[in-house]
Amino acid sequence: MVAVPALVTKTVDRLSAEFDKLSTTQKYAIGVAGGVASLYVVGSLLFKSSDKSKPSTFELTGGSIEAAKVKAEFDAYSESYGKNAGDGIIDRTKTVHLVDVFYSLVTDIYEWGWGQSFHFSPRLPNKDLRASEAAHEARVAALLRLRPGMKALDCGCGVGGPMRTVASVSGAHVTGITINQYQVDRAKYHNLKQGVAPLTDVVRGDFLNMPFKDCTFDGAYAIEATCHAPKLEGVYGEIFRVLKPGCYFVSYEWVSTCKYDPTNPEHVRIIDEINFGNGLPEMRSWKEAENAGKNVGFDLIMSMDLATASVVSGPWYERLRMGKYTHAINHSIVSAVDAIGMAPKGLKEVHHMLVEVAKSLIKGGEVGVFTPMHLLLFRKPETAQ
Ligand SMILES: C=C(CC[C@@H](C)[C@H]1CC[C@H]2C3=CC[C@H]4[C@H](C)[C@@H](O)CC[C@]4(C)[C@H]3CC[C@]12C)C(C)C
Ligand SMILES: C[S@@+](CC[C@H](N)C(=O)[O-])C[C@H]1O[C@@H](n2cnc3c(N)ncnc32)[C@H](O)[C@@H]1O
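Residues numbered from 1 in each chain as written. Chains lettered and ligands numbered in written order. Predicted model: local features only at pLDDT ≥ 70, side-chain atom pairs only at ≥ 80, totals over all residues. Heavy atoms only, no water.

If you look the protein chain up in an unreviewed UniProt entry, it shows as Methyltransferase from Volvox reticuliferus. Listed in UniProt under the heading Pathway (unreviewed entry), the comment for the protein chain reads: "Steroid biosynthesis; sterol biosynthesis." Heading Sequence similarities (unreviewed entry) of the UniProt record for the protein chain holds this comment: "Belongs to the class I-like SAM-binding methyltransferase superfamily. Erg6/SMT family." (UniProt positions renumbered as here; feature names shortened; annotations may be inferred.)

In structure tokens:
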């Protein structure tokens, strides 16, 4: 006989007593919910797909961080943010390392619950999420005037969703750079599987110090990525260096809008929460982003917030708002997988951070103080070296 600890028997007794007090409908509802959850768990275990196009619930990892260290790395990440609203990352020299850690922690969860493109998009009328996403990415190829035979740079490429669209629609070759090795592996896997490998390459590196020669690329873009740089001039300056003269750089920037009031505590709180839940050192204003490009030598060609540019497209944060209940269900699933010891310890806390940041992003969008898609189109002058 197996000895059952007294604490367990006591807890079971108390739960049964509580269960007895419920009405028949409540008991029935709990039974159905339990059944669905068990079916989900058993189904996922039995029918674990060999298709690795997205991790299953039981395959969520800490990216490049070994499972035993996930909790400690997440705690260190959390502690790197200041206690006062507006502080951001206290020691900015640690930003690049912390961003690398951040992406190890979230990449599987992003792919699992969002997809292969780690960005937002305006929702186009009569187009589904994927079509709206692809249109947002294809706009980049058009703005850069990419053609077959050209070489483009994807600065902060994630697992390569945008890269695959840009290369496919333009016929140009795209090299992606990301600070996170796990993302390099995922991006290469998807590129190969989707037949885009011949037009793509992915390297691990720091976009503040890129392993490319001066004047290498015919175009460069960054989709919701340069917001991670400790200083925008640092990354913009590197992009300027590796671009050929006369070529374009387009960025979808995460910035505060002209509605942001630094003396309004609610605005400050929203931005602070967005910084923490997304691995940002601080939030820049759209004007600071424009100036950063000009400061490194670019000509500014176009500057507009795509969140408000078209009156017929739906808000970028609608997808998050619609997913509110799914996020809660996802949290129960991650917690259950954690409870049975099938997820790295700490991943539940990472997921909780994402549930919370989804709320702050929605708030930032609704109040209008934040946009993840301020379009900046720059050109390196013909005369520049
Ligand atoms: C550009 C960046 C990332 C932008 C977005 C791709 C991500 C921002 C917030 C993320 C998410 C929030 C809630 C998660 C949910 C709780 C989980 O169950 C499934 C994944 C989420 C939907 C997740 C997906 C990606 C985001 C929308 C930043 C980092 C600069
Ligand atoms: C939100 S993701 C966007 C990814 C991709 N652009 C997309 O839209 O799917 C931000 C990306 O920036 C990269 N990044 C952040 N800081 C970086 C750095 N210092 N050097 C290189 N890549 C960096 C991250 O690794 C990640 O791939």
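All right, on to the overall build of the protein chain then. Helix and strand content of the protein chain: 14 helices and eight strands. When burial is assessed residue by residue, the protein chain has 50% of its 385 residues classed as buried. The long-range fraction of contacts in the protein chain, counting pairs at least 24 apart against all pairs at least 6 apart in sequence, stands at 79%. (Helix = DSSP H or I, 4+ residues; strand = E, 2+ residues; numbered from the N terminus. Buried < 20%, exposed > 50% of the residue type's maximum accessible area, 1.4 Å probe, protein only. Contact = heavy atoms within 4.5 Å.)

What follows covers the site of ligand 2. Lining the immediate environment of ligand 2, one finds 19 residues, of which Phe 118, Gly 156, Thr 178, Gln 183 and Phe 207 sit closest. In the model, an oxygen atom of ligand 2 is placed 2.8 Å from a nitrogen or oxygen of the Thr 178 side chain. One nitrogen or oxygen atom from the side chain of Gln 183 is found 2.6 Å from an oxygen atom belonging to ligand 2. Its free accessible area being 590 Å², ligand 2 has 97% of it covered by the protein chains. When the residues that make up the shell around ligand 2 are grouped by side-chain class, the tally is nine nonpolar, eight polar and two charged. (Near = heavy atom within 4 Å. Polar contact = N/O pair within 3.5 Å; in protein donor to acceptor, adjacent residues only side chain to side chain. Areas by Shrake-Rupley, 256 points an atom, 1.4 Å probe, with all protein chains shown as cover. Nonpolar A, V, L, I, M, F, W, Y, C, P; charged D, E, K, R; others polar.)

Here we take up the site of ligand 1. Taken together, the neighbourhood of ligand 1 is formed by 22 residues, with Tyr 103, Glu 224, Trp 254, Asn 330 and His 351 sitting nearest. Within the side chain of Asn 330, one N or O atom sits 2.7 Å away from an oxygen atom of ligand 1. About the coverage of ligand 1: the protein hides 99% of its 630 Å² of free accessible area. Looking at the shell around ligand 1 residue by residue, the class counts come to 14 nonpolar, seven polar and one charged.

Moving on, we come to the pattern of salt bridges. It is possible for side chains bearing opposite charge to pair when their charged atoms get close. If you walk through the whole model with that rule in mind, you get 22 salt bridges. A salt bridge links Lys 94 to Asp 91; the nearest nitrogen and oxygen atoms lie 3.6 Å apart. On the basis of relative accessible area, Asp 91 is assigned to the partly exposed category, the value being 31%. When salt bridges with common partners are traced through the structure, they connect Arg 92, Glu 282 and Arg 284 into a single cluster. (Salt bridge = Lys/Arg side-chain N within 4 Å of Asp/Glu carboxyl O.)

As a further point, take helix α4 (residues 95–113). With 19 residues, α4 should cover 27 Å at 1.5 Å per step; its first-to-last C-alpha distance of 26 Å lies within 8% of that length. Along α4, the helix axis deviates most sharply at Val 106, where the bend reaches about 45°. With 16 of 19 residues buried, α4 lies mostly within the body of the structure. Positioned one or two residues after α4, Gly 115 has a phi angle of 140°, which is positive. (Expected span 1.5 Å × (residues − 1). Bend = angle between axes of the 7 residues up to and from the residue.)

This paragraph deals with helix α5 (residues 129–143). Taking 1.5 Å per residue, 15 residues should reach 21 Å; α5 reaches 22 Å between its end C-alpha atoms and fits that length. Within α5, burial applies to Ser 132, Glu 133, His 136, Glu 137, Val 140, Ala 141 and Leu 143. Put simply, Asp 128 is the residue that caps the front of α5, since its side-chain oxygen is 3.3 Å from the backbone nitrogen of Arg 130. Remark: Arg 145 follows α5 within two positions and exhibits a positive phi of approximately 55°.

The next subject is the pairing of strand β2 (residues 173–178). Taken across its six residues, β2 has five buried, putting it largely inside the fold. With five bridges connecting them, strand β1 (residues 151–155) and β2 associate as parallel partners. Paired with Cys 155 across the two strands is Ile 177, which belongs to β2. The parallel pair β1 and β2 is bridged by helix α6 (residues 161–170), and the resulting crossover is right-handed. Taken together, the five bridges between β2 and strand β3 (residues 200–204) define a ladder with parallel strand orientation. Counted as the bridge partner of Thr 178 is Arg 204 from β3. The handedness of the β2 to β3 crossover, carried by helix α7 (residues 181–193), is right-handed. (Pairing = 2+ DSSP bridges. Right-handed = clockwise from strand over helix to strand, strands pointing away.)

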